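# Close look at the chain arrangement
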Amino acid sequence: MVTDVKVRVISQRSTRSLRNTLSEIWANRELLYFFVWKEIKIRYKQTAIGATWAILQPLLTMVIFTAVFGIGLGIKTGDVPYPIFVYSGLLLWIYFSTSVNNASSSIVSNAQLLSKVYFPRMLLPLSACLVGLLDFALASMILIVMMFYFNIAPTLWLLLILLPLLLSMLLGAGLGFWLSAVSAKYRDVHYIVPFSIQLLLFASPVIYPPSLVGGSWSWILTINPLAGIINFQRAIVLGTGVTDWAPLGISALLVILIFVGGMIYFSHYEREIADVI
Amino acid sequence: MGVPIIEVRNLSKHYFIGHKGAWGSYKRLSEIIVDYARHPVESIRGARSKKEEIWALKDVSFNVDKGEVIGLIGRNGAGKTTVLKIMSKITYPTAGEIILRGRVGSLLEVGTGFHPELTGRENIYMSGAILGMRKVEIERNFEDIVKFAEVEKFLDTPVKRYSSGMYVRLAFAVAAHLEPEILLVDEVLAVGDAQFQKKCLGKIKDVSEGGRTVLFVSHNMAAIEGLCEKTIWLEQGSMKMYADSHDVVAEYLRMASFSKENNLDSPTISRKGSGQARFTWLQLMNQHGAPVESITEGEPFRLRLNLRVEKPIEMKIIGVTFRDKVGRNILTTVHYDSLDLEQLDRGSYIFSVHIEPNPFLRGNLNIGLGCYGTNFSEYDVIDDAYNFNITPNLDSKDALRWRPGVVNIPAKWELIEENH
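Residues numbered from 1 in each chain as written. Chains lettered and ligands numbered in written order. Predicted model: local features only at pLDDT ≥ 70, side-chain atom pairs only at ≥ 80, totals over all residues. Heavy atoms only, no water.

The secondary structure content of chain B amounts to nine helices and 20 strands. Across the 420 residues that make up chain B, the buried fraction comes to 51%. By sequence separation, contacts in chain B at least 24 residues apart represent 70% of the contacts at least 6 residues apart. Accessible surface for chain B amounts to roughly 20,300 Å². Of this, 50% is attributable to carbon and sulfur atoms. (Helix = DSSP H or I, 4+ residues; strand = E, 2+ residues; numbered from the N terminus. Buried < 20%, exposed > 50% of the residue type's maximum accessible area, 1.4 Å probe, protein only. Contact = heavy atoms within 4.5 Å. Areas by Shrake-Rupley, 256 points an atom, 1.4 Å probe, with all protein chains shown as cover.)

Residue and element names in this part refer to chain B. Taken in spatial order, the four strands make up an open sheet running S10-S11-S13-S18, and their pairing is antiparallel. Both outer strands of the open sheet, strand S10 (262-263) and strand S18 (347-355), are each paired with one neighbouring strand and no more. The sheet contact formed by strand S11 (residues 277-286) and strand S13 (residues 301-309) spans nine bridges and is antiparallel. Bridge pairing in S13 places Gln283 opposite Arg304. (Pairing = 2+ DSSP bridges.)

All right, on to the pattern of salt bridges then. Residue and element names in this part refer to chain B. Tallied over the full model, the rule gives 24 salt bridges over all chains. For Arg103, the salt bridge identified is with Glu137, shortest N-O distance 3.8 Å. Within this pair, whereas Arg103 is found in the loop between strand S4 (95-101) and strand S5 (104-107), its partner Glu137 is found in helix H5 (residues 135-149), the two being separated by 34 residues in sequence. Where Asp265 meets Arg308, a salt bridge forms, and the shortest distance between an N and an O atom there is 3.4 Å. You can see Asp265 sitting in the loop between S10 and S11 and its partner Arg308 sitting in strand S13, a full 43 residues away along the chain. Since its relative accessible area comes to 30%, Arg308 is described here as partly exposed. A cluster of three or more residues bridged by salt bridges with shared partners is formed by Glu7, Arg9, Glu97 and Arg101. (Salt bridge = Lys/Arg side-chain N within 4 Å of Asp/Glu carboxyl O.)

Time to look at the sheet that holds strand S15 (residues 317-323) of chain B. Backbone-to-backbone hydrogen bonds join strands into a sheet, with any given pair of strands oriented parallel or antiparallel. Residue and element names in this part refer to chain B. If you walk across this open sheet you meet the five strands as S12-S20-S19-S15-S16, and the pairing is mixed. At either margin of the open sheet sits one strand with a lone partner, and together these are strand S12 (294-296) and strand S16 (329-334). Direction aside, the axes of adjacent strands within the sheet are offset by 30° on average. Bridge count for S15 against strand S19 (residues 363-372) is seven bridges, and the pairing is antiparallel. The residue bridging Arg323 from the neighbouring strand is Asn366, located in S19. (Axes fitted to C-alpha atoms, helices over the stretch in contact; angles between N-to-C directions.)

To continue, consider the pairing of S16 of chain B. All names here are of chain B. Taken together, the five bridges between S15 and S16 define a ladder with antiparallel strand orientation. Its bridge partner being in S16, Thr321 is matched across the sheet by Thr332. The turn joining S15 and S16, which pair antiparallel and follow one another in sequence, is formed by five residues; a positive phi near 90° is taken by Gly327.

All names here are of chain A. Where helix H3 (residues 52-72) meets helix H4 (residues 82-109), the closest approach of the two axes is 9 Å, and the angle between their N-to-C directions is 130°. For the element pair H3 / H4, the angle class is oblique. Both H3 and H4 take part in a crossing whose hand is right-handed. Along the contact surface, H3 presents Gln57, Pro58, Leu59, Thr61, Met62, Phe65, Thr66, Phe69 and Gly70, while H4 presents Tyr82, Pro83, Val86, Tyr87, Leu90 and Ile94. Of the residues contributing to the contact of H3 with H4, the split by class is eleven nonpolar, four polar and no charged. (Parallel < 35°, antiparallel > 145°, perpendicular 65-115°, else oblique. Left-handed = near helix turned anticlockwise from the far one by under 90°. Nonpolar A, V, L, I, M, F, W, Y, C, P; charged D, E, K, R; others polar.)

In C-alpha cells, the structure reads:
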C-alpha cells in the first residue's frame with residue numbers, strides 16, 4: 001500500500017520558507033560533513049607538503065607584511081610588535097578571504113554535479129566555509145608560538161576566541177550565498193570577487209591599526225563588518241580587552257543581516273540554478 | 001490498484017534561450033548593462049526580450065502505479081531527461097505538477113559525485129552520500145557494493161587508476177544499492193561489457209520485483225522491452241504514446257526508420273561558437289550507407305554531417321570526437337586528414353566521415369563536433385551531438401568475452417620461441 005505520509009508535490013509554486021531550508025540542511029548534515037571531508041582529502045592528496053601550506057601561507061604573508069608595512073613603511077602599532085599585530089588579524093583575514101573565494105565559486109565549479117543530482121545547494125558554499133577551519137586551526141599554532149616569543153601572556157579574554165571566528169564564518173558564508181547564486185548567472189562574479197577581496201584587505205584594519213585611518217575615512221571601518229571583528233580578535237589575543245562593545249555589536253548585526261539575507265536570496269534562487277548554470 | 005505512486009499532471013517546462021544561443025545560457029553582466037542602457041524602458045518592461053522560449057515539455061500527464069517498471073523513450077531532446085530531472089528536484093516545472101508518494105532516488109549518470117583522486121572506498125561513501133544514502137545505509141551495504149562491483153582488491157586505490165570497466169562497475173554498484181521507493185534511471189546501462197550490462201539489468205529487475213517503482217530511460221530497445229511492462233514515448237516534449245512496451249517500441253522503430261537524420265539545428269542543442277558556420281544535422285550510417293542507430297563491434301561505419309556556412313569563413317579544422325560514457329576522449333578525427341579545404345563560401349556542405357576500420361569496442365559513444373577557424377576561434381562546437389551504442393558482435397569468437405579496453409586495433413602475434 002502506498003501511504004500518503006511521504007507525499008511530495010513538485011510544482012512551480014513549491015517555494016520554501018527559511019525554516020524549511022534550515023531543516024533541510026540539518027537533515028543533510030551528513031552530506032555536509034562528506035563534502036568537507038572530500039575537500040580536505042583531495043587537497044591533501046594533491047599537494048606534496050599538504051598541511052604545511054596552511055602554516056606557510058600565513059607565515060610568509062606575515063613576514064612580507066612585516067617587511068613592507070612594519071619595517072618599510074614604518075606603520076606604528078603602539079606597544080605591540082608589528083609581526084604579532086599583523087598576524088593576529090591576518091589569521092582571520094586569510095580564513096575569511098579563502099572562504100568567500102571558495103564559497104562564491106562553489107556553485108559554478110560543481111555545475112556538473114548540480115545538473116545530475118539534487119541535494120540542498122546551500123551545502124556547497126557552506127562546506128567551502130567549513131573547510132577553511134582546519135587551516136585556521138593549523139595556522140593558529142603559529143600564533144601561539146608567537147605569543148610565547150613576544151611574551152604576550154594569555155588572558156581570560158582568550159576564552160572568547162571562537163566569537164570572531166564564528167562571525168567571520170557567518171560573514172563568509174553569507175557573502176558566499178549571495179555571490180555563488182549570482183555567479184551561476186553572471187560569470188563576471190569570478191573576476192569581481194578576487195579583486196574586491198583585495199580591496200577589502202585595505203579597507204580592513206589588518207595591516208594597519210584603526211587609529212591610522214583619518215577622520216573623513218573612518219566611516220569605512222564602521223560599515224565594514226570585518227573591521228569590528230578583526231579589532232575584537234586582536235584585543236582578545238593581545239589581552240588588551242574590550243571596553244566598547246558597540247563596534248562588535250554593529251559588526252555582528254551586519255553579519256547576521258548579510259547571512260540571513262544571503263540565505264533567503266539563495267533559497268529563492270536555488271531552484272533556478274540548474275537551469276541557468 | 002489504489003493511488004498511483006507517481007502522478008504527473010499537465011507538466012510543462014520551458015527554457016529561455018537567448019538568440020545568440022551559441023553563448024550558452026548564461027549572460028555577461030556587460031551585455032545586460034548595455035542592453036539596459038540602449039533600451040532602458042523596453043528592458044525594464046521586458047518587452048525587448050531577445051529570448052526565445054523552448055518548450056522542453058508540453059502538457060505531459062501520466063500515472064505510474066506502485067511496483068511498475070516504466071520505460072521512457074524518444075529521440076535526443078525529446079524531454080526524457082527533463083522529466084527525470086523534475087522528479088528528482090534538480091529543476092522545476094514551468095506549469096503543472098508531479099505528485100510523488102515515495103522517496104525518490106535517481107541515477108542520471110554513472111559516477112555522480114565520484115572524484116578521481118579518492119580511493120574506491122572513499123568514493124563509495126562520497127557518491128552514496130550525494131545520491132542520498134545515510135552513512136549507516138552505506139555501511140550496511142558496503143560489502144554488497146564491493147562484491148557487486150568486483151573491486152575488492154582495489155578498494156584503496158584512487159579510482160583514477162581504475163580501468164573504465166571497473167570505474168563504471170563501482171559507480172553503478174553504489175547507485176544500485178540505493179533503497180528508494182521510486183528509482184529513476186537514465187541511460188546508464190550502455191556502459192561496461194555485455195556481462196556487466198546483464199548484471200545491471202538483473203539488478204534493476206530485482207529492484208522492481210522488490211516492489212519498487214522504476215522509471216527507465218534508454219535508447220536500448222531490447223532492454224526496454226525486456227524490463228518494462230509499459231513504455232512512454234516522448235516526442236518534442238509531448239507524450240506521443242503510453243502503452244504496452246512491445247507496441248510502443250514497435251511503433252517507435254517504425255517511425256524512426258522514416259526520419260533518421262539527427263537534427264542539430266534545434267535550440268535545445270547546447271553549443272558554443274560564433275555561429276558563422278553551424279552543424280545542422282548528423283547521420284549515423286553503416287558501411288553500406290544505410291541509416292542506423294547502433295553499430296556492431298568491428299563493423300566499419302560512416303557519419304554524414306551537414307555544415308551550413310552563413311558567411312564565408314577561414315576554416316582550419318572540422319573535427320569529430322568520440323567520447324566514452326565517462327567523458328574521456330577516445331578518438332578525434334579531423335577533415336584535413338584527407339581533405340584540403342580552407343575557405344568555405346556561404347552555403348551548405350555535407351561531409352561523409354568513414355570510420356574504417358572501426359576500432360571501438362562495445363559501449364556507449366558520444367559524438368562531439370567542432371568547427372574552428374584560425375587560432376582555434378570557435379565557429380560551432382557541440383559537445384553532445386549524438387549518442388549511440390557499439391554492440392557486441394555475436395558472430396565473433398570475442399562475443400561473450402570481454403576484452404578490457406575501449407578500442408581494439410589488430411596486433412600481430414608471433415610465437416618466437418617454444419621450449420619443451
